[in-house]
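Residues per chain are reported as follows:
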Amino acid sequence: GAVVLLPVAALLEGPAREAGLLPYAIAFVVAGIGGASEVRLIARRLPRPGRVVVPARRAASRIDPAPMANFLQTATLAALGSGLAPYLSAYAMVVLGAPVSVGVVFGAIGSGVSVLTATLVAVRLAERSASRFLRGSYVVIGLGWLLALAAVPGSPVAGLVLVATAVVVTGGAAIAQLATTERLFRLAPGPAAISAQGRFVASSAAALTVGQLVGAAVLSFGPHGYPAFAALIAVTGVLRLLAAARLRVAASWSSACAALP
């Protein structure tokens, strides 16, 4: 993705600049074909499990309610912050006065950082504390967004600050995704994971939606330009730090779940 997106950004600012929406339409068509092909391959190759029935009592008995409640609360708070976070590419356009193609550049940076970060973290997460990785990811994302506030319009270093923000926030998000999933399955092993995942998806999706609606309202009806983006960025950064402070973590980094049968 990173390798492909950078030439696309150059193309949009070069020969295709006067072509209007056509280059974007072509990119979406190609992406759609690729996505449909992936779904088709998965559907053909994965075995069909049939109906899955989970005994309710057994699922409930495997979950320790206190740690699960704390995990869901902090994950919901983090999801609210994620919904409030504006698109970094749109913020860059406001701060730098850059063209639309800058969004493609930030997409390329994000793709590369996500792959690298996920690779480095995945090999360590199996035998390390998922809760501590998750808290660290919240701190990284929160500080990354607060760093973006230093990208003031007219500043000669605004571009570098935004690139650094993209690297830090995207890397933190990759860690959060891995650590969240691992933490959930450690708290609710076996069949209990199905009901636990349902609760997690419901609460985090609701919080994400609320955050997105509030963010859209602020950008649509609030002060235009940098002030609206800065307000959302400050709130989303603080919410991630609050989530990190509220999350209960293991006693040490070496803590990990016992091997499951």
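Overview of the structure. Worth saying up front: this structure is predicted, and the values here are computed from it rather than measured. (Residues numbered from 1 in each chain as written. Predicted model: local features only at pLDDT ≥ 70, side-chain atom pairs only at ≥ 80, totals over all residues. Heavy atoms only, no water.)

Observations regarding the overall build of the protein chain
Part 1 of the argument: When helices and strands are counted, the protein chain shows 10 helices and 0 strands.
Part 2 of the argument: Overall, the protein chain shows an N-to-C arrangement of helices and strands of α-α-α-α-α-α-α-α-α-α.
Part 3 of the argument: Relative to its 261 residues, the protein chain shows a buried fraction of 33%.
Part 4 of the argument: Taking the intrachain contacts of the protein chain between residues at least 6 apart in sequence as the baseline, contacts between residues at least 24 apart amount to 86%.
Part 5 of the argument: Within the structure as shown, the protein chain displays about 14,600 Å² of accessible surface, and the carbon and sulfur contribution to it stands at 69%. (Helix = DSSP H or I, 4+ residues; strand = E, 2+ residues; numbered from the N terminus. Buried < 20%, exposed > 50% of the residue type's maximum accessible area, 1.4 Å probe, protein only. Contact = heavy atoms within 4.5 Å. Areas by Shrake-Rupley, 256 points an atom, 1.4 Å probe, with all protein chains shown as cover.)

Focus: the packing of helix α4 (residues 65-84) against helix α9 (residues 192-221)
Part 1 of the argument: Two elements in contact, α4 and α9, have axes separated by 7 Å at closest approach and are oriented at 30 degrees. Taken together, the axes of α4 and α9 lie roughly parallel to each other. The chirality of how α4 crosses α9 is right-handed. Contacts between α4 and α9 involve Met68, Phe71, Leu72, Ala75, Thr76, Ala79, Leu80, Ser82, Gly83 and Leu84 from the first element and Ala196, Arg199, Phe200, Ser203, Ser204, Ala207, Leu208, Val210, Gly211, Gln212, Val214 and Gly215 from the second.
Part 2 of the argument: Of the residues that constitute the contact of α4 with α9, the class distribution is 13 nonpolar, 8 polar and 1 charged. (Axes fitted to C-alpha atoms, helices over the stretch in contact; angles between N-to-C directions. Parallel < 35°, antiparallel > 145°, perpendicular 65-115°, else oblique. Left-handed = near helix turned anticlockwise from the far one by under 90°. Nonpolar A, V, L, I, M, F, W, Y, C, P; charged D, E, K, R; others polar.)

Description of helix α5 (residues 88-96)
Part 1 of the argument: Looking only at α5, the buried set comprises Leu88, Tyr91, Ala92 and Val95. Relative to the axis of α5, the buried residues are bounded by an arc of 100 degrees and lie together on one face.
Part 2 of the argument: One or two residues past the end of α5 sits Gly97, with phi positive at roughly 65 degrees. (Arc of directions from axis to C-beta.)

Details of the nonpolar core
The nonpolar side chains of a soluble globular protein tend to be buried with one another.
Part 1 of the argument: Counting residues in each nonpolar core, the largest one holds 23 residues, and the members touching the most others are Met68, Phe71 and Tyr138.
Part 2 of the argument: Of all elements in the fold, only α4, α6 (102-125), α7 (130-148), α8 (158-187), α9 and α10 (226-246) reach the threshold of two or more residues within this core.
Part 3 of the argument: With 5 residues, the single largest contributor to this core is α4.
Part 4 of the argument: Each residue touching Met68, except ones within four places of it in the same chain, is listed here: Ile63, Leu184, Leu187, Ala188, Ala196 and Arg199.
Part 5 of the argument: Listed in part, the 19 residues of the second largest apolar core include Ile141, Val161, Leu162 and Ala176. (Core = buried A, V, L, I, M, F, W, Y, C linked by side-chain atoms within 4.5 Å.)

Section: the pattern of salt bridges
Part 1 of the argument: Taken as a whole, this structure holds 1 salt bridge when the rule is applied.
Part 2 of the argument: As a salt-bridge pair, Glu182 and Arg186 come within 2.9 Å of each other at their nearest N and O atoms. Of this pair, Glu182 and Arg186 both sit in helix α8, 4 residues apart, roughly one helical turn.
Part 3 of the argument: Residue classification places Glu182 among the partly exposed positions, given a relative accessible area of 26%. (Salt bridge = Lys/Arg side-chain N within 4 Å of Asp/Glu carboxyl O.)

A few points about the side chain of Arg186
Part 1 of the argument: For Arg186, a relative accessible area of 16% gives the class buried.
Part 2 of the argument: One polar contact links the side chain of Arg186 to the main-chain carbonyl oxygen of Arg128, over a distance of 2.7 Å. (Polar contact = N/O pair within 3.5 Å; in protein donor to acceptor, adjacent residues only side chain to side chain.)

Focus: the layout of surface pockets
Part 1 of the argument: Considered as a void within the structure, the largest pocket measures approximately 1,200 Å³ in volume.
Part 2 of the argument: If you go around the largest pocket, you meet 43 residues; those closest to its centre are Ser82, Ala85, Ala173, Leu208 and Arg240.
Part 3 of the argument: For the lining of the largest pocket, the per-class residue count stands at 27 nonpolar, 15 polar and 1 charged. (1 Å grid on protein atoms, 1.4 Å probe; cavity = no way out; pocket = protein on both sides within 12 Å on 5 of 7 lines; lining within 4 Å. Points joined across faces, edges and corners; volume = space filled by probe spheres on them.)

Some thoughts on α4
Part 1 of the argument: Helix length check: α4 (20 residues) gives 29 Å between terminal C-alpha atoms against 28 Å at 1.5 Å per residue, within 8%.
Part 2 of the argument: Among the residues of α4, those classed as buried are Met68, Asn70, Phe71, Leu72, Thr74, Ala75, Ala78, Ala79, Gly81, Gly83 and Leu84.
Part 3 of the argument: If you follow the buried residues of α4, they end up packed against α7, α8, α9 and α10. (Expected span 1.5 Å × (residues − 1).)

Focus: a nonpolar patch on the surface
Part 1 of the argument: Together, Leu147, Val163, Val167 and Val168 line one region of the surface with nonpolar side chains, adding up to about 240 Å² of accessible area.
Part 2 of the argument: Along the chain, Leu147 falls in helix α7. (Patch = residues over 30% accessible without salt bridge, like charges linked within 9 Å, V, L, I, M, F, W, Y side chains within 5 Å.)

Describing the packing of aromatic side chains
The relative placement of two aromatic rings is captured by the distance of their centres and the angle of their planes.
Part 1 of the argument: Applying the stated criterion across every chain, the model contains 4 aromatic pairs.
Part 2 of the argument: On the numbers, 6.2 Å between centres and 25 degrees between planes, the contact of Tyr91 with Tyr226 is stacked. Taken together, the positions of Tyr91 in helix α5 and Tyr226 in helix α10 put the pair 135 residues apart, joining distant regions of the chain.
Part 3 of the argument: Here Tyr226 falls in the partly exposed class, since its relative accessible area comes to 22%. (Phe/Tyr/Trp six-rings, centres within 6.5 Å; stacked < 30°, edge-to-face > 60°.)

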